[in-house]
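Residues per chain are reported as follows:
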Amino acid sequence: MSEYFSFERVIEYFPKLITSFPTTLIIVVAALAVGIVLGIILAFIRIHKIPVLYQLSCVYVSFIRGTPQIIQLFLVYYGMPLLFMNLFGIDLNRVDALLFVIVAYGLNESAFLSEIFRGGLSAIPSGQYEAGYACGLTKIQTFRRVVIPQAARIVLPSVEVGIVLLFQNTSMAASIGVRDLMGRASLMGAFTKHYTENYFCTAVVFIVVSILLELLFNLLNKKLQYVKK
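Residues numbered from 1 in each chain as written. Predicted model: local features only at pLDDT ≥ 70, side-chain atom pairs only at ≥ 80, totals over all residues. Heavy atoms only, no water.

Undergrad: Would you mind showing me how to read the side chain of glutamine 150 here?
TA: Mapped onto the elements, glutamine 150 comes out in helix α7 (residues 139-169). Residue classification places glutamine 150 among the buried residues on the basis of a relative accessible area of 16%. Engagement of the side chain of glutamine 150 in a polar contact is seen with the side chain of glutamine 128, the distance being 2.9 Å. (Helix = DSSP H or I, 4+ residues; strand = E, 2+ residues; numbered from the N terminus. Buried < 20%, exposed > 50% of the residue type's maximum accessible area, 1.4 Å probe, protein only. Polar contact = N/O pair within 3.5 Å; in protein donor to acceptor, adjacent residues only side chain to side chain.)

In structure tokens, the structure reads:
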């Protein structure tokens, strides 16, 4: 058994593997930030059905939701440099692959989050807006103080699932040479000829972080619940 799997090697490899965790964390945080901003914009466009932009957003969301994420990653990684070179004369071939990963994952998140946000905002009764206006609040104040807190309670469980999946899907970044957790595990496996221990360490990190995210969102969900007397 020790020839194929050894806990001694797990203990030896884990500290080296965990050094790539910040890269994975950067991908998650940056992609989530991009996804939230674009997701809110897309949700606003689709709720208010802004001409032209509404049709374009529908096509965009359908494309992202209907294609595998690995294909989107390759399209951004190989297609973005060609697009920038032909349109702007800018050479992106020397840009760090991490940037392309963030863009690809951010675009993917924006499509899924836009549907989540749209569903949450659409679930708020129009009377809530009218109540805010009746209290003397402006449209922005009503949206921020009345609508968003209620919508947050609705979308939080779906956002939690999305973030956990985003964290797990960062493993695909290794396919274009990014040295995140999965990339480091593959590299160390090729060097040590012991892939199982490296992938086992990676699995442990993914499981632990996923559990921590679940606990965090459970706390947030409790904070957003109304106090019942």
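Undergrad: Even after reading the chapter, I still don't get the nonpolar core, so can you show me in this structure?
TA: A general tendency of soluble globular proteins is for nonpolar side chains to be buried together. Core analysis: the biggest nonpolar cluster contains 41 residues, and Ile27, Val101, Tyr105, Val159 and Val178 have the highest contact counts within it. Taken together, the elements giving at least two residues each to this core come down to α1 (7-18), α2 (21-48), α4 (69-88), α5 (97-122), α7, α8 (181-192) and α9 (195-224). Examining the composition of this core, we find that nine residues originate from one element, α5, more than from any other. When sequence neighbours within four positions are dropped, the list of residues in contact with valine 178 reads Thr23, Ile27, Ala97, Leu98, Val101, Ala173 and Gly183. (Core = buried A, V, L, I, M, F, W, Y, C linked by side-chain atoms within 4.5 Å. Contact = heavy atoms within 4.5 Å.)

Undergrad: Is there a simple way to explain the packing of helix α3 (residues 53-66) against α5 in this structure?
TA: Contact pair α3 / α5: the axes reach a minimum separation of 9 Å and the direction vectors enclose 110°. Between α3 and α5, the crossing angle belongs to the class labelled roughly perpendicular. Crossing handedness for the pair α3 and α5: left-handed. Where α3 approaches α5, its residues Tyr60, Val61, Ile64 and Arg65 are matched on the opposing element by Leu107, Asn108, Ser110, Ala111, Phe112, Ser114 and Glu115. Across the contact of α3 with α5, the residue classes tally to six nonpolar, three polar and two charged. (Axes fitted to C-alpha atoms, helices over the stretch in contact; angles between N-to-C directions. Parallel < 35°, antiparallel > 145°, perpendicular 65-115°, else oblique. Left-handed = near helix turned anticlockwise from the far one by under 90°. Nonpolar A, V, L, I, M, F, W, Y, C, P; charged D, E, K, R; others polar.)

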